[in-house]
Amino acid sequence: MARFIQMAVMLGSSKLSHGSFGFEERPPGAEPVPQMKRELPTRKMCLEAFGRTQYDILIIGGGAVGAGCALDAATRGLKTALVEAEDFGSGTSSKSSKLLHGGLRDLEQAVSHLDLAAFRRVRCSLLERNHIGNMAPHLSQPVPILLPVHNWWEAPLYYMKLKLYHMIAPKGTKTFQYLSADKAVEVFPMLRRPELFGAFVFYEGQHDDARMCLSVALTAARYGADICNHMKVVRLLKNKEGHVNGAEAVDQLTGKKYAIRAKVVVNATGHMSDNVRRMEDVDAQPMCTRSWSSIIVMPRFYCPEDVGVFDPHTTDGRSIFFLPWQGHTLVGTSHEPRDPMDNATQPTESDVQYLLEGVKNFVSPSFDVRRCDVLAVWGGFKPLPVPSDSLQYTKMKNHVINLGPSNMLSIVGGTWSSFRTVAEKTVNAAIRYGGLSPLRANSVTAESCKLDGANGWSPKMYIRLVQDFGMERDVAEHLSNTYGSNAFKVAVAADRSGIAWPIVGKRLHSEFPYIEAEVKQGVRDFACTLEDMVARRLRVAFLNVQVAEAILPQVANLMAKELHWSPDEKKRQIHQTRTFLRTQMGQLTKEDSPHMTIPIKMSANQVRMYATQFKNLDEKGTGYVSISDCCRAMKSLGVKEVPLDLMHNVLRDIDCHAQGKVNLYEFLLLMSAVVHGDMAYLRYARLYLDYKKKQPGYALPSLVPMERAGGAL
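Residues numbered from 1 in each chain as written. Predicted model: local features only at pLDDT ≥ 70, side-chain atom pairs only at ≥ 80, totals over all residues. Heavy atoms only, no water.

1. Comments concerning the confidence of the model for the chain
Here the chain averages 87 in pLDDT, and 86% of its residues register 70 or above. The model gives residues 14-25 a pLDDT under 50, and that stretch makes 31 contacts with residues more than four places away or in other chains. Here residues 698-713 is a poorly scored stretch, pLDDT under 50, and it has 45 contacts once near neighbours within four places are set aside; other chains count. (pLDDT = per-residue confidence, 0-100. Contact = heavy atoms within 4.5 Å.)

2. Overview of the pattern of salt bridges
Tallied over the entire structure, the rule returns 33 salt bridges. The closest approach of N and O atoms between R537 and D87, which form a salt bridge, is 2.8 Å. Placement of R537 in helix α17 (residues 530-537) and of D87 in the loop between β2 (80-83) and β3 (99-100) is noted, with a sequence separation of 450 residues between them. Linking D209 and R539 is a salt bridge whose minimum nitrogen-to-oxygen distance equals 3.1 Å. With D209 in helix α8 (residues 209-222) and R539 in the loop between α17 and α18 (540-543), the pair connects residues that are 330 residues apart, well separated along the chain. (Salt bridge = Lys/Arg side-chain N within 4 Å of Asp/Glu carboxyl O. Helix = DSSP H or I, 4+ residues; strand = E, 2+ residues; numbered from the N terminus.)

3. Overview of the pairing of strand β10 (residues 257-267)
With six bridges connecting them, strand β1 (residues 54-60) and β10 associate as parallel partners. Bridged to L58 within β10 is V265. Taken together, the five bridges between strand β9 (residues 244-251) and β10 define a ladder with antiparallel strand orientation. Looking at β10, one finds that E248 is bridged to A259. Between β9 and β10, which pair antiparallel and follow one another directly, the connecting turn spans five residues, one of which, G255, has a positive phi of 85°. Bridge count between β10 and strand β17 (residues 409-413): two bridges; the pairing is parallel. Residue pairing across strands places N267 opposite S410, the latter belonging to β17. (Pairing = 2+ DSSP bridges.)

4. Description of the nonpolar core
What tends to happen in soluble globular proteins is that the nonpolar side chains get buried as a cluster. Residues V540 and V555 are the most contacted members of the largest nonpolar core, which totals 59 residues. Per element, the largest residue contribution to this core is 10 residues, and it comes from helix α19 (residues 545-563). Judged by nonpolar contacts, the second largest core, of 47 residues, contains C46, I59, L82 and F526. (Core = buried A, V, L, I, M, F, W, Y, C linked by side-chain atoms within 4.5 Å. Buried < 20%, exposed > 50% of the residue type's maximum accessible area, 1.4 Å probe, protein only.)

5. Looking at the packing of aromatic side chains
For the structure shown, the criterion picks out 17 aromatic pairs. Taking the centre distance of 5.0 Å and the plane angle of 70° together, the rings of Y178 and F200 count as edge-to-face. Placement of the pair is Y178 in strand β5 (residues 177-180) and F200 in strand β6 (residues 198-207), with a sequence separation of 22 residues. Each of the two residues, Y178 as well as F200, counts as buried. Centre to centre, the rings of F188 and F322 are 5.9 Å apart; their planes meet at 70°, and the pair counts as edge-to-face. One end of the pair, F188, is in the loop between α7 (181-187) and β6; the other, F322, is in strand β13 (residues 320-325), and 134 residues separate them in sequence. (Phe/Tyr/Trp six-rings, centres within 6.5 Å; stacked < 30°, edge-to-face > 60°.)

6. Some points on α17
Counting buried positions along α17 gives seven out of eight residues, so the element sits mostly inside the fold. The set of residues buried in α17 consists of L530, D532, M533, V534, A535, R536 and R537. Tucked into the core, α17 has its buried residues touching α8, α16 (517-524), α18, α19 and α20 (567-584).

7. A closer look at unusual backbone geometry
The omega torsion across W501 and P502 is 0°, close enough to zero to call that bond cis. Locating P502 in the fold gives a position in the loop between α15 (487-493) and α16. Residue H230 is not a glycine yet carries a positive backbone phi of 55°. Mapped onto the fold, H230 is located in the loop between β7 (226-228) and β8 (231-238). On the accessibility criterion, H230 (9% relative accessible area) is buried.

8. With respect to a nonpolar patch on the surface
A surface patch of nonpolar side chains, amounting to about 430 Å² of accessible area, comprises W152, W153, L157 and M160. Relative to the assigned elements, L157 resides in helix α6 (residues 154-168). (Patch = residues over 30% accessible without salt bridge, like charges linked within 9 Å, V, L, I, M, F, W, Y side chains within 5 Å. Areas by Shrake-Rupley, 256 points an atom, 1.4 Å probe, with all protein chains shown as cover.)

9. A look at the pairing of strand β14 (residues 328-332)
Consecutive side chains along a regular strand alternate between the two faces of the sheet. Of all five residues in β14, five are buried; the element is thus mostly enclosed. Taking every second residue as pointing to the same face, both faces of β14 are buried, with H328, L330 and G332 on one and T329 and V331 on the other. Bridging between strand β11 (residues 288-298) and β14 involves four bridges; their strand directions are antiparallel. Across the sheet, M298 pairs through a bridge with T329, a residue of β14. Sheet topology note: the β13/β14 ladder contains five bridges and is antiparallel. Residue F322 lies in a different strand from β14, and its bridge partner there is V331. Adjacent in sequence and paired antiparallel, β13 and β14 are bridged by two residues, among which Q326 carries a positive phi angle near 50°.

Quick look at the structure:
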């Protein structure tokens, strides 16, 4: 029976036509494409405009929805202002799974519970994914996702769901196909073969979320919107009738205050929206709740370069995904191992260990999963509307647009797959409630608008950068897929490399395609701090925190020239960004290490001896020594032939801080196990720590219902 179903599913899926991802051209009869009004203004120009302009609409919050509102309003001809307390996309909008999902989990909800709202969310997400692809083809692309099938009876169920999923999607979207278990393991070698019946491959959209958010905001600025990051709203302004007609904002860089006047104020601050609502009404009831989501970044060998995997029903009861992104692997789960009332906005070691445990349970037992493979970790709060009567009356039941008692509009909810349509609805509400008179009554962002850099871009544009400027291929591809047609501006500004090849493009780090000219471009793109640059203009902080820390002095020197920083300011920026990497990007300090509770089985004299040896090996005072240095140290202590297999097992049990190097504590554990033969003791201590993790009360996951989690992977 199982074999028959497998054959039927393979036959059925193979007969489906294979199309492209289907980013269609502008349909006949669509609104004319509005012309951009100006070159990109500077931050100083926008600040000057705040003091002299009466705006139609002021948007508080520069995340996906806030930037989308600014673009929608500006393209309709409304005088628009946008302020963001930190950097554009610095909140949840830059900490997503990088997927423009169509809502496969929402589809399960729609089918299993006959939920019409969930079905509408799927249809909307699939359509919006297409619109975003039209708007920014250089920033979004399809990514195949492997969906494992563990039991024979799951195959026809998944087939029907994916068939329906494909039927709802716009014309031209790539279809799905079925793979046998053997073929699935070929595609994703780390899968557990005995637990696999087969797999489906379907397609989702993928993008660079921070760059997308920034591009939306910058495009709005070119259409006439005045935008400014690092501008914190401290109070709302009201007229004689008590209606909100603006906001007072403080420039976080200078401390100067600005009174920004507008006919309509929109609160688009995500999970912080209730804080702004209380500026309007101190007794405002909460409209927003939230769920926490963490993602760890691992080396590319954890996932094939061109295909991800999503398993909604793993054997240990959780869902998990592996996604390839910018040469690395993103790993996350839809189960939230954190108390929703916890206000900490940084990932914890418990978050990391919870995800690593999921990885260990998912991949083949023969594969070593280590803490040192975690290159970065980030987390963010998803804003979710509080269940209410107003939410029940909405069609999709995943966002609410609320008119406050003093006429401020607040938007709660929305995902990357729905930000454009949520922004359109919000601007429609602003026009209606504020009596605004736009040049265009309808939004043009769905079919007519292109983000800055999209016009003139093609997937093979990077070849021109290689041929015309003498750039390395990976650098050229990165510039093309990040800046679109504006990549040529970056190439023109690039300095000569000083070697025969490449001719231009000095890399900031050998492992990444980022070049020095991008720092100059980042400053033009409103990067004001070192954190803005390494986290959201270059994405290196989201990919490898150790590399990010290594390039901080170099990037700070380049930014200091552009922004005229004093030596003291440069030091302050480096210090603040190191703190950011440690707290927000999951950089482990020795105090955080999961093995710190293992006692060192040595005498005080032995500890002093090895500590002195460690200090001698660590000539530059980095706090680490390489494994090669450890091997030399062992030989100097009389170990004739270093037992590499034994050392491999010890390093696995220690679960080192980083790949290829150890800190002092790990060095002592390594010497204790290898030189003194205390391997059994170390293994026992490791097992005891693992046992403690499984005890009641240790980071128990608090699950968020699927319909409240946004319908994503």
